[in-house]
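Observations on the three-dimensional arrangement
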Amino acid sequence: MMATPLLYDLDIIQALRLQEQSMIDLFPGYTISKEYVDYHNHVCPRCQQEQKIFNNTVKKMGTVSAFEHPLEQKVILYVSCKNCTKELARQSRFGSKPIKDSDVATHTEEYILEQIKND
Ligand SMILES: [Zn+2]
């Protein structure tokens, strides 16, 4: 594990706080895990591209998301890059969620769990 947690721009920090608070409300008793956000999110978990880092700050990130890990009673937060966020917005503009998107979500979650399991 890296010694210093990653930093983010203010808009992402605020979005992370909001997401964390709403997950605390939605999943009482669960741990809200920022392991991925703090130590692995220099790689966007959706497209798995390395992101630009400046002064330990991950730049040009897009959307904060979260998913539930029921077995461990955890909710895991993560941030997607700007490109992935644009793609998600484009998809939702064309109406119903394509099946493909839930596949991407599963893929993203599996990737994150793989990254944090050795911490
Ligand atoms: Zn991405």
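Preceding block: the structure.
One structure accompanies this document, and this report is about it. The model shown is predicted, which means the values in this text are computed figures rather than measured ones.

1. As for the overall build of the chain
The number of helices and strands found in the chain is 4 helices and 6 strands. Listed N to C, the secondary structure of the chain is β-α-β-α-β-β-β-β-α-α in terms of helices and strands. The long-range share in the chain, meaning contacts at least 24 apart out of those at least 6 apart in sequence, stands at 65%.

2. Brief notes about the environment of Tyr 78
Within the secondary structure, Tyr 78 sits in strand 6 (residues 74–81). Residue classification places Tyr 78 among the buried residues on the basis of 27 C-beta atoms within 10 Å. Each C-alpha atom of the pair Tyr 78 and Ala 66 lies 6.1 Å from the other, and the pair is 12 residues apart in sequence. Those residues in contact with Tyr 78 that sit more than four places away from it in its chain are Tyr 36, Val 37, Asn 41, Pro 45, Ser 65 and Ile 112.

3. Digging into the sheet that holds strand 2 (residues 31–33)
Here we have 3 strands laid out as an open sheet, ordered 2-6-5, and mixed in their pairing. Both edges of this open sheet fall to strand 2 and strand 5 (61–69), since each of them pairs with a single strand only. Going across the sheet, the axis of each strand differs from the next one's by a mean of 25°, ignoring polarity. Taken together, the 7 bridges between strand 5 and strand 6 define a ladder with antiparallel strand orientation. Across the sheet, residue Met 61 finds its bridge partner in strand 6, namely Cys 81. Docked against the sheet, helix 1 (residues 10–26) engages strand 2, strand 5 and strand 6, running at close to 20° with respect to strand 5.

Rules of the game
Residues numbered from 1 in each chain as written. Predicted model: local features only at pLDDT ≥ 70, side-chain atom pairs only at ≥ 80, totals over all residues. Helix = DSSP H or I, 4+ residues; strand = E, 2+ residues; numbered from the N terminus. Contact = placed C-beta atoms within 7 Å. Buried ≥ 20, exposed ≤ 12 C-beta atoms within 10 Å, placed from the backbone. Pairing = 2+ DSSP bridges. Axes fitted to C-alpha atoms, helices over the stretch in contact; angles between N-to-C directions.

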